[in-house]
Amino acid sequence: MRALLQRVTRAPGGRHGKWLVLVAWLIVAVALGPLAGKLGDVEDTSANAFLPRGAESARVNTELEKFRTDTVMPAVVVYTGEGAEAKAAADRTAFAQFAPAGEEVSRPLPSDDGEALMTVVPLDTEDDLTGRVDELREIAGANAPPGVDIEVGGPAGSLTDQVAVFDGLDSTLLLATALVVAVLLLITYRSPVLWLLPLLAVGFAAVLTQVTTYLLAKHAGLPVDPQSAGVLMVLVFGVGTDYALLLIARYREELHRHADRHEAMRIALGRSGPAILASAGTIAVGLACLAFADINSSRSLGLVGAIGVVCGFLAMVTVLPALLVITGRWVFWPFVPRHGTPAHKERTVWSRIGTAVARRPRWSWMMSVAATGVLALSAAGIGMGLTQAEMFQDKPESVVAQERISAHYPSGASDPAKIVTRTGQAAEVRAAAATVDGVARVEKAADRTPDGELTTLSVVLADAPDSQAAKDTIDELRDAVHEVSGSGALVGGTTAQALDTQRAADRDLTTVIPIVLLVVLGVLIWLLRALVAPLLLLATVVLSYFAALGASNLIFEHVLGFAGVDWSIPLMGFVFLVALGIDYNIFLMHRVKEEAARLGHSRGVLEGLTSTGGVTASLALETAPYGIRVVATAPGGTDAPARRVARGPAPGTEQEKAWYQQIVDQTVASSLLKRYGTLDEQAAAIVFLASDEASYITGTVLPVAGGDLG
């Protein structure tokens, strides 16, 4: 694998290969770009795309397709207040134009308390459903008598309000992501040009991702829904930027060491490539583990996300290096990395953090575990599941309509449960359903399939469709109708769908999470060739996941006032935080392993943290005139002369020669050789020690850190 990676990444750093790589990506973008825009054509927007595989409610949706060639969704218009009768009658006449062929608008149904009227308007879902709901609301709101309140809700109204919330969300989210990435790149590199190259490479990756997803969905049955398609681009931006930051940081280091930028890029790719490959593999396989989930939307997100990660990896190790080499060193302006100059001129925040941790390691990890542990405990009280009203920050009209219905009618009247049964046993199923506590009534009207084999029944629940009481009623209803021998009865509808999704989410947590953990552990063991360290790293990621979940719960509940989170959040959060979060551990440990072989374990850990913590690194040796940091003292302590002694090719006395030689020997033996910096930097430090700028020390150290204070 390493040999293959080296062959793949050699071309972008070549004098001719860089142009071939760029031309190849341009051909891909131009030739396949039109297919990227067709991704929406293969998206599955049906209700089953967001339901668990094999769920009873999903099977009901499949059976309902046999009942009619068209698809109908009801809008429910609720009138309250004195004088609503005349308005409701007039509106019914106006609403008739929207009913599909063979359907009719219901007569206004009065509530038992006589304070409300309800009209059901059937709408064709294939005929601009949201536009029709807007027209219904415009008609209902026109010429409304004083004191009469009118709201349009029901399934069609609720869907329209949800579409309005998410309208343009994908483009907004993508633009926001691009803006955040651009700002981070500007802050990191402080260059007005460099930040454009990662974004351009991400653009290439996005085209390849969309085309690959479209082709696999069209010809290989890859499940794609609007949620996974929307998150896909954000994911590509995220992982692409991660890899770009790591590669550019390593490339800039090598530019300080090599005059030839092509050689610098080949070395940078060779050293950072394995870490990027391990990260991409971990994330892709971790996301692919969602294929074991029951919920179809989760499976879609995992498989589509894995494609995005792979395409992002290919772009970042091919076209991005080519662009960097083509543009040359000037792209880093105004902080151009010059050959022979130190890569880092001052201590960074990460070097200070590393030093502080190394000084008191036990205290550091105990405090970290305590802080994250407290946040993790907050996850225990997280509220799971949202009602229809809680899904919106501002109360939309459909929610108000449902509140009116709940106040004056059986709460489930606007969205009844559906039973599909064999026609021969329909009467028995109806009777069994009517005996269930929580069922307000079973509608008399029933639809049959054209062949007459199946019948559908509408069951009005006494409680609101999104309430826990309604879900409990669905369980009892299923038990009752399943006992009717030979009926093959199935219970579906909105409430049943919510119940099935909730239970599938619980199952997915216990199934997918262990698989993801095993996959991530396997990658870490392969990368580090160890067992204890991978277990420790995995524990840190899992702890951070629970801490993030707990912190989110505190913010959502006590700061933003949200009622809870959707059932999909824990699983999605785990996969993204663990699979995506582990790549930072991979970057760190890959660099630590490299530095430990050169500097020793303790110093290698600190150097790895400094080099990867803030993308920019702080080397242990900084040469003049920026301040020298070497661990060396004048041997002899207070016996050294208290005056400055000239340094030159010929020290004045034999004592000075001895001191000079001992300084060089001690410095090389204890600090520099294969422990601090490159050979060039070691030589520069030795030259400094022999220069006129250096002096003997009496009772102190050189202008460096560490050493014997004499």
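Refer to the structure presented above.
Residues numbered from 1 in each chain as written. Predicted model: local features only at pLDDT ≥ 70, side-chain atom pairs only at ≥ 80, totals over all residues. Heavy atoms only, no water.

Participant: Just to check I follow, could you spell out the nonpolar core for this structure?
Facilitator: Here is a general trend for soluble globular proteins: nonpolar side chains tend to be buried in one another's company. Among the nonpolar cores identified, the biggest contains 97 residues, and Tyr243, Tyr251 and Val309 are the most heavily contacted of them. Looking at this core, the element that brings in the most residues is helix α9 (residues 226–257), giving 15 residues. What Val309 contacts, discounting residues up to four positions off in sequence, is Leu235, Val239, Tyr243, Ala280, Ile283, Ala284 and Leu287. Core analysis: the next-biggest nonpolar cluster, separate from the first, contains 21 residues, Ala417, Val429, Ala489 and Val491 among them. (Core = buried A, V, L, I, M, F, W, Y, C linked by side-chain atoms within 4.5 Å. Buried < 20%, exposed > 50% of the residue type's maximum accessible area, 1.4 Å probe, protein only. Helix = DSSP H or I, 4+ residues; strand = E, 2+ residues; numbered from the N terminus. Contact = heavy atoms within 4.5 Å.)

Participant: I'm lost on the packing of helix α10 (residues 261–288) against helix α18 (residues 494–528) in this one. Help?
Facilitator: Helices that pack against each other are described as a pair by the angle of their axes relative to one another and the distance between those axes. Viewed as axis vectors pointing N to C, α10 and α18 meet at an angle of 165°, and their least axial separation amounts to 9 Å. If you check the angle between α10 and α18, you find them roughly antiparallel. For the element pair α10 and α18, the recorded crossing hand is right-handed. Facing Ala278, Thr282, Val285 and Gly286 of α10, the residues of α18 in contact are Val516, Val519, Val520, Val523, Trp526 and Leu527. A class-by-class count of the residues in the contact of α10 with α18 yields eight nonpolar, two polar and no charged. (Axes fitted to C-alpha atoms, helices over the stretch in contact; angles between N-to-C directions. Parallel < 35°, antiparallel > 145°, perpendicular 65-115°, else oblique. Left-handed = near helix turned anticlockwise from the far one by under 90°. Nonpolar A, V, L, I, M, F, W, Y, C, P; charged D, E, K, R; others polar.)

Participant: Would you mind going over the packing of aromatic side chains with me for this structure?
Facilitator: What describes a pair of aromatic rings is the distance from one ring centre to the other and the angle between the planes of the rings. All chains considered together, the criterion is met by four aromatic pairs. Ring-pair connections join several aromatic residues into one group, and the members of that group are Tyr545, Phe546 and Phe574. (Phe/Tyr/Trp six-rings, centres within 6.5 Å; stacked < 30°, edge-to-face > 60°.)

Participant: When you look at unusual backbone geometry in this model, what are you seeing that I'm missing?
Facilitator: Backbone phi values are negative for most residues with the exception of glycine, while trans is the configuration of most peptide bonds. That bond from Trp333 to Pro334 is cis: its omega, 10°, falls within 30 degrees of zero. Along the chain, the position of Pro334 falls in the loop between α12 (319–327) and α13 (349–359). One non-glycine residue with positive phi stands out, namely Asn143, at about 55°. Note on placement: Asn143 falls in the loop between α5 (129–141) and β4 (149–153). Residue Asn143 is classed as exposed on the basis of its relative accessible area, which comes to 75%.

Participant: Looking at this structure, I do not really get the sheet that holds strand β3 (residues 116–124). What am I missing?
Facilitator: Strands in a sheet are paired, the pairing made by backbone hydrogen bonds, and the direction either parallel or antiparallel. Pairing is antiparallel across the open sheet formed by four strands, whose spatial order is β2-β3-β1-β4. Edge positions in the sheet fall to β2 (109–110) and β4, since each has one partner strand and no second. In this structure, β2 lies alongside β3, joined through two bridges in antiparallel fashion. Counterpart to Leu109 in the pairing with β3 is Met118. Sitting on the sheet, helix α4 (residues 84–95) touches β1 (72–80), β3 and β4, and the angle it makes with β1 is about 155°. (Pairing = 2+ DSSP bridges.)

Participant: Looking at this model, I keep getting lost on the pairing of β4. Mind explaining?
Facilitator: Side chains on a regular strand alternate between the two faces of the sheet. By the criterion of burial, β4 is predominantly enclosed, with four of the five residues buried. Bridging between β1 and β4 involves five bridges; their strand directions are antiparallel. Residue pairing for β4: Val77 is matched across the bridge by Val152.

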